[in-house]
Amino acid sequence: MNALLVVEDVHKRYGKEEVLKGVSFQLEKGETKVIIGPSGTGKSTLLRCINRLTEPDRGRVWLDGVEVTSPKTNINSIRAQIGFVFQDFNLFTHLTALENVRLGPMRVLGMKKTDATELAREELARVGLADKANAYPAELSGGQQQRVSIARALAMNPKLILFDEPTSALDPELIGEVLEVMIQLAKEGMTMVVVTHEMGFARSVADEIIFMEKGVIVEQGPPAQLFSSPKHPRTAEFLRKITELYGGEG
Amino acid sequence: MEFFRQLWEVGTYLPMLLRASTVNLELLGALLVIGFLMGTLVALLQVYGGRLLGTVAYVYEWVFRSVPALVLLFLFYFGPSEFGWYISPFLAASLALGLRSSAYQSQIFRGAIQAIPTGQMLAARALGMSRVRAILHVILPQAFRLAIPGWSNEFSSVVKDTTLAYVVSLNEIMRYAKIIMDRRYELAMASFIMVALVFLFFTYSGNWLLGQMERRFRIPGLQMPGASSTVL
């Protein structure tokens, strides 16, 4: 299997509602895929099924040839290789920005404190927050918090980063600084799956767009094709609505 | 005036009472350590222990919160001798009051743990931490900070509980006050006032220390939901 990430026929049901009805896609190393679609169509659930923060009911996931969904797999070592960026940041409240970033390298990768500290400083500098190392999350703006959380993911040197609506909880004027960091990462060749409503970002950064609705992938393709000539009427309908809502380039 | 003369006379017993009060402090230390460790364990089991261990933890908490402190003291002191084991008054009192306090402390810690947003655990697990590591490095450091105000309350309560240990003949301050009363009944009032003063001092200094601790460990943005950091 060549692809870095393979998602095969993933199903998830909450009570009566089937949130994911068999989703499959693949991701090559260095590729950025953007998942778009209406709220409540299972995009976030799909991301969480990839590192099993949510346990899928059926289907399989492979990371770099290792089956994530196999009960024999040590899920903690898999998660250490997959960065996850949450919509509401989830920075550790009791730790400074620097301590947030070095906690994983120290406590999961077993790195020495001095090395982890140095690494954390580098990652904070990478997201433009070198001067905020000693600030607590509550002392940072939403955009800064999200950048720290990206640095926290980067410090683990992940094979892949999953972004779950990383700008949806931000005030509009703070969205740009987070998107800039993500665009930079994509340019540097980071492998990413991004769930977002930022169509401008999707258009300029994605190698491929996946349009999901009601628990299935309706259509996928390169942004130029999907945005200009969507094959499926539901895709066209969604794009028309989101353009009305967020404006042309988002 | 007679009363003040009695107070003066009890004053001559004061060194003895103060020495005895160090036993109260030792007992307080022992029961707080037992209560803290067991209280943390019980709280963790109640939140993360699953059905079986969680139920055991709830039964434990229910028992130690329901049985009167005096009854617990007698049970722990006289119980072991039923099986031919000797238990010192100090150990019996430490266990009885310590386990009792652990039941109350578990309530404080459980509330604090449950007040932590689920995203904290989620983020820790997403980094690849095991549940135990996440609890150790993310949940407990936050929960203990949130628990300080409630814990201060429990502290004030158990400081005073140490005087109950006179019933298992521990040589603490209350036992000496009672000895004074038994010998000189007219000094009863004055000697108990002495005891009261000692505990006013203990509670005051303990709460001062805890207040310092709360300030020392305060972190911006980390507080119980609904708590306001500004004084109205």
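Residues numbered from 1 in each chain as written. Chains lettered and ligands numbered in written order. Predicted model: local features only at pLDDT ≥ 70, side-chain atom pairs only at ≥ 80, totals over all residues. Heavy atoms only, no water.

A. Local environment of the overall build of chain B. Within chain B, the regular secondary structure consists of nine helices and zero strands. For chain B, the sequential pattern of α-helices and β-strands runs α-α-α-α-α-α-α-α-α. Dimensions of chain B, computed from the C-alpha atoms along their principal axes, are close to 70 × 55 × 25 Å. The 232 residues of chain B split such that 45% are buried. Taking as baseline every contact in chain B between residues at least 6 positions apart, the subset at least 24 positions apart corresponds to 78%. Accessible surface computed for chain B: about 12400 Å², of which carbon and sulfur atoms make up 68%. In chain B, 18 side chains carry a positive charge and 11 a negative one; their mean positions are 14 Å apart. (Helix = DSSP H or I, 4+ residues; strand = E, 2+ residues; numbered from the N terminus. Buried < 20%, exposed > 50% of the residue type's maximum accessible area, 1.4 Å probe, protein only. Contact = heavy atoms within 4.5 Å. Areas by Shrake-Rupley, 256 points an atom, 1.4 Å probe, with all protein chains shown as cover. Lys, Arg positive; Asp, Glu negative; His and termini not counted. Charge placed at Lys NZ, Arg CZ, Asp CG, Glu CD.)

B. Expanded view of the pattern of salt bridges. All names here are of chain A. Applying the stated rule across the entire model yields 18 salt bridges over all chains. A salt bridge links Arg52 to Glu55; the nearest nitrogen and oxygen atoms lie 2.6 Å apart. Given the relative accessible area of 13%, Arg52 is considered buried. Taking relative accessible area as the criterion, Glu55 reaches 40% and is therefore assigned partly exposed. Two residues, Arg60 and Glu67, come together in a salt bridge whose shortest N-O distance is 3.5 Å. A residue is classified by how much of its surface remains accessible, and Arg60, at 39% relative accessible area, is partly exposed. Put simply, Glu31, Lys33 and Glu208 are held in one network by salt bridges that share partners. (Salt bridge = Lys/Arg side-chain N within 4 Å of Asp/Glu carboxyl O.)

C. Highlighting the side chain of Glu172 of chain B. All names here are of chain B. Mapped onto the fold, Glu172 is located in the loop between helix 7 (131-161) and helix 8 (173-183). We note that Glu172 is buried and unpaired, the nearest opposite charge coming from Arg175 at a distance of 6.8 Å. A distance of 3.1 Å separates a polar atom in the side chain of Glu172 from the backbone nitrogen of Met174. With residues near it in sequence (within four places) discarded, Glu172 still touches Ala20, Val23, Asn24, Thr162, Thr163, Ala165 and Tyr166. (Polar contact = N/O pair within 3.5 Å; in protein donor to acceptor, adjacent residues only side chain to side chain.)

D. The arrangement of the interface of chain B and chain A in detail. On the chain A side, the residues contacting the 21 residues of chain B number 23 residues. Approximately 1900 Å² of surface area, both sides summed, lies buried where chain B meets chain A, with 67% of it carried by carbon and sulfur atoms. At the junction of chain B with chain A, the criterion picks out zero salt bridges. In this assembly, chain B and chain A are joined by five residue pairs in polar contact (both at pLDDT 80 or more). Within the residue set of the side of chain B that touches chain A, elements represented by two or more residues are helix 6 (118-126) and helix 7 of chain B. Sort the elements by how many residues they give to the side of chain B that touches chain A and helix 6 of chain B lands first, with seven residues. Tallied by class, residues from the side of chain B that touches chain A come to eleven nonpolar, seven polar and three charged. (Buried area = accessible area lost by both parts, 1.4 Å probe. Nonpolar A, V, L, I, M, F, W, Y, C, P; charged D, E, K, R; others polar.)

E. Highlighting the pairing of strand 9 (residues 208-213) of chain A. Residues and elements named next belong to chain A. Most of strand 9 is tucked away: six of the six residues are buried. Of the two faces of strand 9, the one holding Glu208, Ile210 and Met212 and the one holding Ile209, Phe211 and Glu213 are both buried throughout. Summarising the sheet, strand 3 (residues 32-36) and strand 9 pair through four bridges and their orientation is parallel. When the sheet's bridge partners are listed, Ile36 is paired in strand 9 with Phe211. Taken together, the five bridges between strand 9 and strand 10 (residues 216-221) define a ladder with antiparallel strand orientation. Bridging from a neighbouring strand, Met212 pairs with Ile217 of strand 10. (Pairing = 2+ DSSP bridges.)

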